[in-house]
Amino acid sequence: MMKTMIGASLLAGSLMVSGATAAVAQAKPTLGPYGYGAVKLGMTVKQAKATGQVVSKMPGGGGCSGWDLKKFPTPKDEVGVYISPRVGLAAIFAAKEMRTPEGIKIGSTLDRLKAAYPKIKKDIHGYYVITVPGNWKAHYTFGVTRGKVTEYGIALKKQDCFN
C-alpha cells in the first residue's frame, strides 16, 4: 500500500513538472532543427500556406518568393522566410523571441554561441556557420557584432535563394 502511494505521488509530481516544462518550452519559440513549429524546411508554397502560419510578402516571379511568419512580421523591405520553386522552403530568419534548441538567441554572446556549437566556423563573409544538430541537410548562420549575436537563421544547405 505504501509503495503504491509513493509511486502515485512520484507520478503526479513528475506530471506536474513535465507539464510546467512543456509550458515553458512553448513560451520560448524554437527555430530548428527542421524549421519553426509547423513551418518546415523543404515545404512547397502550398504546404507552407496550408499551415496557416505564413503570409506572402514578395512574389517569386519564377524564382524564390518571400514570406513572413504571421506571428513575427518583418519590416517592409525584409522577409522572414524564403521559398524556392526548386528546393521548397529554403530558409527561416529568426525573430528576437526565437531561440535554437541549444538556447542561442539574438543577444547571446559569442562565447555562449561557441559553447553551444563547439565546431562552429567563421565563413569568408564573416558569419558563423554550423550544420544544424539533428539535421545534416541544414545549417545555422549567425551574424555577430561586438561579441553578440545580432541575427541568425536556418537554411537548407542546397538553398538557391541568396548567397
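Residues numbered from 1 in each chain as written. Predicted model: local features only at pLDDT ≥ 70, side-chain atom pairs only at ≥ 80, totals over all residues. Heavy atoms only, no water.

Caption draft 1: How the structure looks around the side chain of His 139. Inspection of the secondary structure puts His 139 in strand E9 (residues 135-145). With relative accessibility at 18%, the residue His 139 sits in the buried group. With near-sequence residues (within four places) excluded, His 139 lies in contact with Val 129, Ile 130, Thr 131, Val 132, Gly 153, Ile 154, Ala 155, Leu 156 and Lys 157. (Helix = DSSP H or I, 4+ residues; strand = E, 2+ residues; numbered from the N terminus. Buried < 20%, exposed > 50% of the residue type's maximum accessible area, 1.4 Å probe, protein only. Contact = heavy atoms within 4.5 Å.)

Caption draft 2: Here's a closer look at the pattern of salt bridges. The final tally for this structure, using the stated rule, is two salt bridges. Where Lys 57 meets Asp 68, a salt bridge forms, and the shortest distance between an N and an O atom there is 3.3 Å. One end of the pair, Lys 57, is in strand E3 (residues 54-58); the other, Asp 68, is in strand E4 (residues 65-69), with 11 residues separating them in the sequence. By relative accessible area, Asp 68 is classed as buried at 3%. Here Asp 160 makes a salt bridge to Arg 86, at a shortest N to O gap of 3.1 Å. Here Arg 86 lies in the loop between strand E5 (81-84) and strand E6 (88-93) and Asp 160 lies in the segment after strand E10 (148-156), a separation of 74 residues in the sequence. (Salt bridge = Lys/Arg side-chain N within 4 Å of Asp/Glu carboxyl O.)

Caption draft 3: Molecular detail of the pairing of E6. Of all six residues in E6, five are buried; the element is thus mostly enclosed. Between the antiparallel neighbours E5 and E6 lie three residues. Pairing analysis gives three bridges linking E6 to E10, with the strands arranged antiparallel. Bridging across to E10, Phe 93 finds its partner in Gly 153. (Pairing = 2+ DSSP bridges.)

Caption draft 4: Spatial organisation of the environment of Arg 112. Checked against the element boundaries, Arg 112 lands in helix H3 (residues 110-116). When the C-alpha positions of Arg 112 and Val 149 are compared, they lie 9.6 Å apart, and in sequence the two are 37 residues distant. When neighbours within four sequence positions are excluded, Arg 112 is seen to be in contact with Glu 102, Gly 103 and Ile 104.

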